[in-house]
Structure formats: C-alpha cells, structure tokens
Amino acid sequence: MRRQPRQGRQRRQTRQTRQLRQARQGLPVPHRTPKVAAQAAACAERSPAARSPPLARSDYADARPPQTFAEIRGQEHAKRFLSRLIQRGQIARPILFEGAYGSGKTSLARLYARALNCRDRRACGSPCGRCQACTANAGFHEYDTPLEGGDKANVLRFVTDRARPQTAYKYVVLFFDEAHALERRAAEALLKSVEEPPDGVTFCFATTHPGQIIAPLRSRLRSVVVKPLPARLAIRLLQERAEADGLAYDPAALALLAGLKQGHPRDLLNGLGQLRDLEPPRITVKLVREVFDVDHDVHLLTYVTALADGDESAQVRAWFAWQEPAATKIAWLQAFLTSLYYNDILGEDAVVDALVASIEEMDRRRIIDRFRRRLRLERTGGLAEPWRRMMAFWATPADDTAPAALELRVAVFQDLVNAGPVEPAQSDLGQDTARRPTPTPRAPERLELAAVPAPGKSRYIEAADVRAIVATASYLPQEHGVLFNARFDVRPAAYGCDDDASARASIEAFCRDLRDAVASWGQGPFARLTLFMRDPDRGGDLRGLVVAHLPQGTEPRAGDDATGRIDAWCRAWRAADRTTEPENGISFAPAPLRRADAITFHWRAVMQLCAGLDAGVTHLDPQAGRVCPLRELLHEAGAVAWRRAGPVSDPLFSVSELLAPQAVANACAHGMDLLSAFDAGAWEHLRTGWELEEHPDRLSAKAERRARLDEIAEIYGADTPQAQDAQAERIAAWSRPAEERRHTWPGAWWPRAEA
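Thresholds applied
- Residues numbered from 1 in each chain as written.
- Predicted model: local features only at pLDDT ≥ 70, side-chain atom pairs only at ≥ 80, totals over all residues.
- Heavy atoms only, no water.
- Helix = DSSP H or I, 4+ residues; strand = E, 2+ residues; numbered from the N terminus.
- Buried < 20%, exposed > 50% of the residue type's maximum accessible area, 1.4 Å probe, protein only.
- Contact = heavy atoms within 4.5 Å.
- Areas by Shrake-Rupley, 256 points an atom, 1.4 Å probe, with all protein chains shown as cover.
- 1 Å grid on protein atoms, 1.4 Å probe; cavity = no way out; pocket = protein on both sides within 12 Å on 5 of 7 lines; lining within 4 Å.
- Points joined across faces, edges and corners; volume = space filled by probe spheres on them.
- Core = buried A, V, L, I, M, F, W, Y, C linked by side-chain atoms within 4.5 Å.
- Pairing = 2+ DSSP bridges.
- Axes fitted to C-alpha atoms, helices over the stretch in contact; angles between N-to-C directions.
- Parallel < 35°, antiparallel > 145°, perpendicular 65-115°, else oblique.
- Nonpolar A, V, L, I, M, F, W, Y, C, P; charged D, E, K, R; others polar.
- Polar contact = N/O pair within 3.5 Å; in protein donor to acceptor, adjacent residues only side chain to side chain.
- Phe/Tyr/Trp six-rings, centres within 6.5 Å; stacked < 30°, edge-to-face > 60°.
- Right-handed = clockwise from strand over helix to strand, strands pointing away.
- Salt bridge = Lys/Arg side-chain N within 4 Å of Asp/Glu carboxyl O.

Chemist: Tell me about the overall build of the protein chain, and name the residues and values.
Modeler: Of the regular secondary structure elements, the protein chain holds 30 helices and 14 strands. Sorting the 755 residues of the protein chain into buried and exposed places 48% on the buried side. Restricting to contacts in the protein chain with at least 6 residues of sequence separation, those with at least 24 account for 70%. Total accessible area on the protein chain is roughly 35,600 Å²; 50% of this is exposed by carbon and sulfur atoms.

Quick look at the structure:
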C-alpha cells in the first residue's frame, strides 16, 4: 500500500534534479516551484557560465536532446536503418533498441516517434525539428518498466489508456524502457498487440539485456543495436562540452576519461560534470586519476614489468605498494596475462576486460619485448608456450581464499617466473622454446626493386635482382589485391631498331602507350614490370619482357572480348614501322579465368623474368641448412628455360608508378612492412598466392593505424610537438616483424601460435 506514494516521491525528486541540471546549463525550466527556482538560481551563480560571458543555447553540446538523427553522435547503422525505414514508406514498425546503458536508445526512440508524425519525414527520413509534431514530442508515451512495474496489470493499463489514435497526429508510439524488467505474463499479454496493433499505434522497446526478453516477443520486433561511441567521438564529445562550459583541460585528461567511461555518452557527460563541480582551474590527468581512483594500470604495469625482468625484489615492492585486496590484484593480473596472450602473442582481437584493453599498446609492447629479450626469443610467437604455463598456474582455483593463502600463491607464481637462469633451455618458462629451430637472420624488411647501378655498366641478372623481382611481384597482391594478368614479349628488331639505344626507347614507348590505352578503356590500378634482356634466338638483340596488371574493364581473360581488343591493339601498334610479320613484333598472353590458374600465371610470368640467372648463383636454404643454387630453390627449373644470351647495360628494370620504390616506401609507412616468403626462405610458399589472403588484413591494419594517429592529432592538435612525439612513439611500438601483426588467415611459413 505504501508503494505508490514512494514512487511519487521518486518521480518528484527525479523531476527536481532534471530541472536543477537544466537551470545550471542556462536553459529555461517551465513550471518550476519557488523552492526549485531558488536552488537553481544559487546553482547558476556558482556555475562557470555565471562567471563568463553567457553562451547561446546552441553553443552547449547536448544542452538539449537531439532534434534530428543528424544530431545523434555515432550510431550510423541505427540512424541509417530508421531513416530508410521511414523514407521507403515502411513506417510504424515495432522496434527493439538494444545496447549498452546510456548509449542513446531512448533518444533514438523519441526521434523515431517524431519522424512518424513529422510533415517532412519523407525528405530525409528524419524529424525536421521545426514542425509542431517535432517540437511537442507528440504521440510518444514512455513507460519506465522498473519504476512503473513490469506486472501484467500495470502494463495492460498503460497500453489501454494510450493506444488510441489521435486526430492531431497520425501515429502513437508506446515505448517501454528497460523492457527486460517485463514479467513473463506481461510480455505474453503484449504479443497480440505488438503483432496486430490498432491503426496508428506502434510499439518500441529498449533494453540492455535482450536475452532476458522472451523469445516470442523478440521475434516480433526489428532489432536495432546501439553501440557505445568509438574513442574519437567520445573524446570529441567531451571536448565540445568542456569548451561550451568554459572549462580548461588537458587533451590527455579527456582521453583518459573517455577510456574510463567506455564510450557511454551519459557516463561521459556525468563524469565531466563530476569534474566540473569541483571547479578546478584545469582538468588534468592527475585530477582524473584522483577523482576516479585510477591507479590500477600503473601498479599492474609496474608489477608485470618486474616479472618480465625477473627482478624478484622489484616484484615484491610493486605488489605490496599496490593497495588493493589480494583477490582484486590477482584478478587484474589474470585478465592482463590473458589479454596479452590473445591480443599481443596470438595476434587475435579479443577484449578480455574493458579497462585492461584501455592500456596503451606501447606499454603492452614494452612488456612483451622485455619477456622476449629475457628468454632470448627472436619472435613474439615464441612466448606462446611459456605464457600458457603462466596462465595454467592461475587456472587452478585456490583451495583457500584467505588473504594470506592468496599472497602465498603469488609468491609461488613469482618463483615459477623467476626460476632458473635466463637461458630458455634451462628455464621452466622457456623449456619448449629451446626445441625450436634457431631463427635465421632476417633480410631487410623493405621490399623494393634493387638500387639501380650507374647507367652504362653491362651485367647479367644477379641474386639481388631476383629478390627485387619477387618482392615486387609479392607487393602488388599484398598492397593492392591484384595479380599480373598479362604478359607481353616486345622485340624491337621487328620495328627496325638495330642498336640498344633505339631498342630500349622502343620498349619504353610501348609501355607508355599501353598505359595510356588501357587508361582510356577502363578504371583501376595499372601496374607494370619490364625486364630488358638479350634474345638468345635472334643474335642477342635487345628484347623487353613485360608483365602487367591491366585495370578493371580491360583485364584480359582467355576467350573474352578484352583479349581480342588488346591483341588487336598490339598488332596495330606502330604497324607502319614494322619490317617483319606481326607476330614477330609483339606477342601477348592473357591470364586464365580460374583463381588458382591465375596465380600460377602470375608467378610463371615473374619467373620468366629471372630466366637469365646463372646456375652458379647460390642462396641459403634455411630449411636444409645449406647453400643451394637459387634456380633450384625457386622450383621453376622445369617450367622456365634458364638461358643467358649476354649482359645488358643498366638499368635492367623499368616499373610503372604503382610499383616505384617511393610508392612501396609510402605503403610500408607506420611499421607496415611487407611479408616475404623469399626472405624467410619459405620456398614452398613462394607461389601459393597467400598475398591475396593477406591483402584485407593489411588494409584493415593500415586503416586502424591511420585512425590511431588521427586520434592523437585530435587530442593534441595537428602538427603540434606533443602530437608529433606521441605519434612517433606509437609508430615505434608498431615497428616489429610483419609476421607478428594480426592475421585472420592461417600463417603460411610460421606456426599459427606465432601469427
């Protein structure tokens, strides 16, 4: 019997709190009591806005609820879905907004209701924010399920009282907030009404726990997932609100607050308000740490760094300086070890704990590198087995949860990590890594064409040239996701070129004309690699072997129209200058249709560029542990006629802009070095086409790194010394072997645990 009065008091208190907040922000508050007005005036006098020139209402970030979908921050998928639903005429559908608390579910529901009754909804699929239906929040009735009660009687009373079409507006939207609090009988009673609502009536539900809503009701609703804001939008929201309130702040302080609040807009603004109420001269990182008691990451990193160094004294000091219960500290340690294992050692993308995930990558990388150096491991993946041993120690539940017993377990764990000398072969942590083959020294990571010697020097193709050709052929599919799909054999002697200079000029002219022709036929990347060589069948005349990727719309495939067009163009090229039969001037071969055959064509054409390699050129085979003829390692002796017809003056190579050294260097910026089966000595994987699997992972990693650098620039300001230092430190943390990046495809020449 007392429940109703208590609910009434709660509603009045909530209303008064909302009015005070609006008054403090300088917004008009209609129908307020004298008591609230007096309190609001006192708050307004103490607010920063009262001590600075008044700001217009529109200057305050989120000073009023969003009036259109465009004013909602983030949630692009949800806004697009609702807008298209309205624009296409599929309106008044029952919706379930599901997602994290404080992420904007209620705001989206209100805007959806306004859009249903807005005059101009069809124009942009959003409420206009100007008409009467938009400004009066018409036709929207909200039911706070935990407060009003989730029982059947109260729910049906709400529906019965408000599920009546209104003459002034076309639609009525009944919105159930925190719908997971609906009792089963109440949810079952709504099934018929939701499936067959009265004319002009629709339902919306919002929940943070969609699994707690009965399945029959969920199946009748269209789900709209509302996600927390990404880091950049969260930081921008805090910056705009702080500037609107006249608050001075350090960018890093707002970035820390954004990480703590995990992108929930309501939490972000409440956290900023909590700092603002302290009236500090400036919001600093130190203030954020003090107010929100943020020191777990500092103590955790200090302790795990001591573990990585094997410094028992530092471990004891760090552990007991960490003023938390033993169980809490152990939980942080377990989460951090697990997060490092999945994200930094295996290369997966797993969020084990939100706050642990907010620890900077450079701090995580520093710890991984310390462990690796102590165990003398070349690759991060070598830590997989010792790391599993550390996690296995904590996987066994403690028989006694008393603090003293837990501290004893920590001491035993530290003894496990510190036991034995640093050598992995004698350490319990590294005993399995000792059985791994000794890693071979890595060749330079940057894959580009070899430096061109001074013009005029005549020479044969060498091992460095072969590496450059293979590197270029591997770069094209890794970076651009395409293969060489055409091969041309250009014989300038057929056009009357009787000396090397005129022959070279003729080959280069053919390459330029080919580029211009395909550019007029289609769109997409054009790539070309040309080798100048002697023709053994025609007295050593200079000859050009050209492998190319022709862009979309012109790519030649055996039997299609593009093949005929390119072949006809080759026959017509400089026909007036030709002195022999057409087939003696330019021969053309297209790539086959099937993907496997196209990969074979790509590498067969590349190996033909290496046909002038001498049999005496050798290279290390790390698998066999001996030096072998490079021809043998390339596994192409039976497919390529290895013939040397004479030296050629430098340069031996010519490439298009897409494959130029500067383009390769730009593509490898920010630590995005290329994978190389040639440098790894993984000869059996050289021509399998793994580069096409690596391409989407490479694009994803580059986009993520660009976003992180943009985020730093947004925090500190573009081109400022602080931003440049932070970006340089971030790039240094990314500078590690390409095999250690995250890959969604199984690693080719390295074990999956080392991916």
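Chemist: Describe empty space enclosed by the protein, listing the residues and the values that go with them.
Modeler: On inspection of all chains with the given rule, the structure shows 5 cavities of 30 Å³ or more. Space inside the largest cavity adds up to approximately 140 Å³. Together, 15 residues line the largest cavity, and Ile461, Phe532, Met533, Gly612 and Gly646 are the ones closest to its centre.

Chemist: Help me get a handle on the nonpolar core, residues and values and all.
Modeler: The nonpolar side chains of a soluble globular protein tend to be buried with one another. If you look at the biggest cluster of nonpolar residues, it comprises 77 residues, and the most contacted ones within it are Val466, Phe488, Phe510 and Leu630. Take this core: its biggest share by element is 8 residues, from helix α23 (residues 500-521). Once residues within four sequence positions are removed from consideration, Phe488 is found in contact with Phe510, Leu514, Gly544, Leu545, Val546, Ala548, Leu550, Ile566, Cys570, Ile586, Ser587 and Phe588. Formed by 37 residues, the second largest nonpolar core is a distinct cluster that contains Trp332, Leu333, Leu406 and Val417.

Chemist: Describe the sheet that holds strand β2 (residues 140-144), and please don't skip the residues or the numbers.
Modeler: Spatially, the 5 strands line up as an open sheet ordered β2-β3-β4-β1-β5, and their pairing is parallel. A strand with exactly one partner marks an edge of an open sheet, and here the two such strands are β2 and β5 (222-226). Shown here is a sheet whose adjacent strand axes are inclined to one another by a mean of 20 degrees, direction ignored. Examined bridge by bridge, strand β1 (residues 95-99) and β5 share 5 bridges and lie parallel to one another. By the bridge assignment, Phe97 is partnered in β5 with Val224. Of the strands in this sheet, β1, β2, β3 (172-177), β4 (201-207) and β5 touch helix α4 (residues 105-117), which is tilted by about 155 degrees from β1. Lying over the sheet, helix α9 (residues 184-195) contacts β3 and β4, oriented at roughly 130 degrees with respect to β4.

Chemist: Give me the packing of helix α22 (residues 463-480) against helix α29 (residues 690-716): which residues, what numbers.
Modeler: Across the interface, α22 lies against α29 with an axial gap of 6 Å and an inter-helix angle of 50 degrees. Judged on the interaxial angle alone, α29 and α22 are oblique. The segment α22 lies against α29, with Ser474, Pro477, Gln478, Glu479 and His480 engaging Trp690, Glu691, Leu692, Glu694, His695, Arg698, Leu699 and Lys702. Residue composition of the contact of α22 with α29, grouped by class: 4 nonpolar, 4 polar and 5 charged.

Chemist: Can you break down the sheet that holds strand β8 (residues 527-535) residue by residue, with the values?
Modeler: As summarised here, the arrangement of the 5 strands in space is β10-β7-β9-β8-β14, forming an open sheet in which the pairing is antiparallel. One side of each edge strand has no neighbouring strand; the edge strands of this open sheet are β10 (586-590) and β14 (653-655). This sheet shows a mean twist of 15 degrees between the axes of neighbouring strands, independent of strand direction. Sheet topology places β8 next to strand β9 (residues 541-549); 9 bridges connect them, and they run antiparallel. Paired with Thr530 across the strands is Val546, a residue of β9. Here α22 sits on the sheet in contact with β8, β9 and β14, set at roughly 155 degrees to β8.

Chemist: How would you summarise the pairing of β1 if you had to cite specific residues and measurements?
Modeler: Every regular strand shows the same layout, with side chains that alternate between the two sheet faces. Burial analysis of β1 places 5 of its 5 residues in the buried class, the great majority of the element. Side chains of β1 alternate between two faces, with Ile95, Phe97 and Gly99 and Leu96 and Glu98 buried alike.

Chemist: A description of unusual backbone geometry should follow, citing residues and the corresponding values.
Modeler: Omega for the peptide link from Asp650 to Pro651 comes to 0 degrees, which places this bond in the cis form. Unlike most non-glycine residues, Glu178 shows phi in positive territory, near 50 degrees. As for its position among the elements, Glu178 is in the loop between β3 and α9. Residue classification places Glu178 among the partly exposed positions, given a relative accessible area of 24%.

Chemist: Just give me the short version of the environment of Val410, but keep the residues and values in it.
Modeler: Looking at the secondary structure, you find Val410 in helix α21 (residues 403-418). The buried category is assigned to Val410, whose relative accessible area is 2%. For the pair formed by Val410 and Val316, sequence separation is 94 residues and the distance between their alpha carbons is 9.8 Å. Discounting residues that sit within four places of it in the chain, Val410 has contacts with Tyr303, Trp319, Ile330 and Trp394.

Chemist: So what about the side chain of Thr472? Which residues, and what values?
Modeler: Within the fold, Thr472 resides in helix α22. Since its relative accessible area comes to 5%, Thr472 is described here as buried. A polar contact is formed between the side chain of Thr472 and the backbone oxygen of Ala468, at a distance of 2.9 Å.

Chemist: Describe the packing of aromatic side chains, naming the residues involved and giving the relevant values.
Modeler: Two numbers describe a pair of aromatic rings. These are the distance of the centres and the angle of the planes. As enumerated under the stated definition, the model contains 20 aromatic pairs in all. For the ring pair Tyr303 and Trp319, a centre distance of 5.0 Å and an interplane angle of 55 degrees mean the geometry is tilted. Placement of the pair is Tyr303 in helix α15 (residues 296-309) and Trp319 in helix α16 (residues 312-321), with a sequence separation of 16 residues. Trp319 gets classed as buried once you look at its relative accessible area, which sits at 1%.

Chemist: Describe the environment of Leu229, naming the residues involved and giving the relevant values.
Modeler: Locating Leu229 in the fold gives a position in the loop between β5 and α11 (231-244). In sequence terms Leu229 and Arg73 are 156 residues apart; their C-alpha atoms lie 7.6 Å from each other.

Chemist: How would you explain the pairing of β4 if you had to name every residue and give the values?
Modeler: Burial within β4 is extensive, with 7 of its 7 residues counted as buried. Burial along β4 is two-sided: Val201, Phe203, Phe205 and Thr207 and Thr202, Cys204 and Ala206, pointing in opposite directions, are all buried. As judged from the 4 bridges shared by β1 and β4, these two strands associate in the parallel manner. Bridge pairing in β4 places Leu96 opposite Phe205. In this sheet, β4 lies alongside β3 in parallel orientation, the contact comprising 5 bridges. Paired with Phe175 across the strands is Cys204, a residue of β4. What joins β3 to β4 is α9, and the crossover it makes is right-handed.

Chemist: I'd like a rundown of the pattern of salt bridges, residues and numbers included.
Modeler: Inspection of every chain in the model, using the stated rule, returns 34 salt bridges. In this structure, Arg364 and Asp344 form a salt bridge, with 2.9 Å as the shortest nitrogen-oxygen distance. With Arg364 in helix α19 (residues 361-374) and Asp344 in helix α17 (residues 326-345), this pair connects stretches of sequence that are 20 residues apart. Judged by relative accessible area, Asp344 falls into the buried class, the value being 6%. The residue Arg594 makes a salt bridge to Asp597 at a minimum N-O spacing of 3.0 Å. The class of Arg594 is exposed, set by a relative accessible area of 53%. Look at Asp597 and you get partly exposed, because its relative accessible area is 32%.

Chemist: Requested: an account of the side chain of Glu740, with residues and values cited.
Modeler: Tracing the backbone shows Glu740 in the segment after α30 (721-734). A distance of 3.0 Å separates the side chain of Glu740 from the side chain of Arg365, its partner in a polar contact. Within the structure, Glu740 has its side chain in polar contact with the side chain of Thr380 (distance 2.5 Å).

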